[in-house]
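Per-entry structural report
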Amino acid sequence: MWKKGILPALFFACISTASASAAQNSIQSVSANHLHTFFVQDNEKVKLPDVSESAAGKGQKPVYTRIDSPDDQYRIEVEDYKGIPESRQSGTKSMEYDRCIRLVSNTDETVAVEWLFRAMFVYDGKTSRCTDTEVIVRNFSLRDFIVTEHEFEAIGDSAVGSCGAVLKAKGRKYGEKIQLDVTLSGEVKQ
């Protein structure tokens, strides 16, 4: 389970600057065991902090960054953040790993859709496994996009899932498959 108060703070560390009105802002969170699901829509403009400012303030830096340009209209930005390993009483260590995927407009640099995939891993040098996963989806462009995929689950030493959204006007799909594997020493393979 995630520590109370950490989820919102870490989520905002993985967000670009964007503005969204009520008609364009939605948030959805789904845990691996579907223990909680929520949907939020408000009537105010939302100003989100810049990734570099939030992450720098917490001492976090992306450990992996990639930008794909599937077409001229939108690009996919991927950033991974690795938490600080924590020792447990059993002699194992636990570590949180976040992958933030954003669908960004090349025209005005706004974030249309954003997925945060979070996985918790435990390891002890002899074994490793993924113990929990969570997905948070934010659709800032409800008029233009439908989120079609936001799956993430723990399978052995891996966290596996996918994300996807469809541009309504053109039927164009954006997204990708996700697999995070942890080694016996707690390193996550890309």
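Residues numbered from 1 in each chain as written. Predicted model: local features only at pLDDT ≥ 70, side-chain atom pairs only at ≥ 80, totals over all residues. Heavy atoms only, no water.

**Thoughts on the overall build of the protein chain**
The test is simple: The secondary structure listing takes helices from DSSP runs of H or I that are at least 4 residues long and strands from runs of E that are at least 2 residues long, numbered from the N terminus. Here the term buried applies to any residue with accessible area under 20% of the maximum for its type, exposed to any over 50%, and partly exposed to those in between, with areas from a 1.4 Å probe on protein chains only. What makes two residues a contact is simply this: any of their non-hydrogen atoms within 4.5 Å. Residue exposure ignores everything except the shown protein chains as possible cover, and the areas themselves are Shrake-Rupley values with a 1.4 Å probe.
When helices and strands are counted, the protein chain shows two helices and 14 strands. Here the protein chain holds 190 residues, and 46% of them are scored as buried. Restricting the contact set of the protein chain to residue pairs at least 6 apart, pairs at least 24 apart contribute 55%. Carbon and sulfur atoms make up 51% of the accessible area of the protein chain, which amounts to about 9800 Å² in all.

**Observations regarding the confidence of the model for the protein chain**
As a note on interpretation, predicted positions should not be read in detail where pLDDT is low. Cut-off, in case you're wondering: The quantity called pLDDT is the predictor's confidence in a given residue, expressed from 0 to 100.
Residues of the protein chain with pLDDT of at least 70 account for 68%, and the chain-wide mean is 76. Predicted confidence in the protein chain is weakest over strand E3 (residues 37-40), with a mean pLDDT of 34, and strongest over strand E12 (residues 158-167), with 96. Across residues 1-57 the pLDDT falls below 50, and counting only partners more than four positions away or on other chains, this stretch makes 133 contacts in the model.

**Regarding the environment of Ile 101**
In this fold, Ile 101 is placed in strand E8 (residues 93-105). When the C-alpha positions of Ile 101 and Ile 76 are compared, they lie 6.8 Å apart, and in sequence the two are 25 residues distant.

**Here we look at the sheet that holds strand E13 (residues 172-182)**
The line we're drawing: Pairing between two strands is assigned when DSSP locates at least 2 bridges connecting them.
Across the sheet, which stays open at both edges, the four strands sit in the order E11-E12-E13-E14 with antiparallel pairing between neighbours. Looking at which strands have only one partner, the edges of the open sheet turn out to be strand E11 (145-155) and strand E14 (188-189). Sheet analysis places E12 next to E13, joined by ten bridges and oriented antiparallel. Paired with Leu 167 across the strands is Arg 172, a residue of E13.

**Observations regarding the side chain of Asp 98**
What counts here: Whenever two N or O atoms come within 3.5 Å, that pair is a polar contact, provided that in protein one can donate a hydrogen and the other can accept it, and provided that, for residues adjacent in sequence, both atoms are side-chain atoms.
As for its placement among the helices and strands, Asp 98 is situated in strand E8. A distance of 2.8 Å separates the side chain of Asp 98 from the side chain of Arg 118, its partner in a polar contact.

**Focus: the nonpolar core**
Soluble globular proteins tend to pack their nonpolar side chains together in the buried interior. Note the threshold: Only buried residues count toward a nonpolar core, which is a set of Ala, Val, Leu, Ile, Met, Phe, Trp, Tyr and Cys residues joined through side-chain atoms within 4.5 Å.
Counting residues in each nonpolar core, the largest one holds 28 residues, and the members touching the most others are Trp 115, Phe 121 and Phe 145. Only strand E6 (74-82), E8, strand E9 (111-123), strand E10 (128-139), E11, E12 and E13 provide two or more residues apiece to this core. When residues in this core are grouped by element, the largest group, seven residues, is from E9. If sequence neighbours within four positions are ignored, Phe 145 has contacts with Tyr 74, Leu 103, Ala 112, Val 113, Asn 139, Ala 165, Val 166, Leu 167, Lys 168 and Tyr 174.

**Brief notes about empty space enclosed by the protein**
Rule in force here: Cavities and pockets were defined on a 1 Å grid built from protein atoms only: a cavity is a group of points that admits a 1.4 Å probe but offers it no way out, a pocket is an open group of points flanked by protein on both sides within 12 Å along at least five of seven lines, and a lining residue is one with an atom within 4 Å of any such point. Grid points are joined across faces, edges and corners, and a volume is the space filled by probe spheres set on the points. Gly counts as polar in this scheme, as do all residues outside two lists: the nonpolar Ala, Val, Leu, Ile, Met, Phe, Trp, Tyr, Cys and Pro, and the charged Asp, Glu, Lys and Arg.
Counted by the stated rule, this structure contains one cavity of 30 Å³ or more. Estimates place the volume of the largest cavity at around 30 Å³. Lining the largest cavity are Ile 76, Ile 101, Arg 102, Leu 103, Trp 115, Cys 163, Tyr 174 and Gly 175. Elements with a contribution of two residues or more to the lining of the largest cavity: E8 and E13. Per-element accounting of the lining of the largest cavity gives the leading share, three residues, to E8. By residue class, the composition of the lining of the largest cavity is six nonpolar, one polar and one charged.

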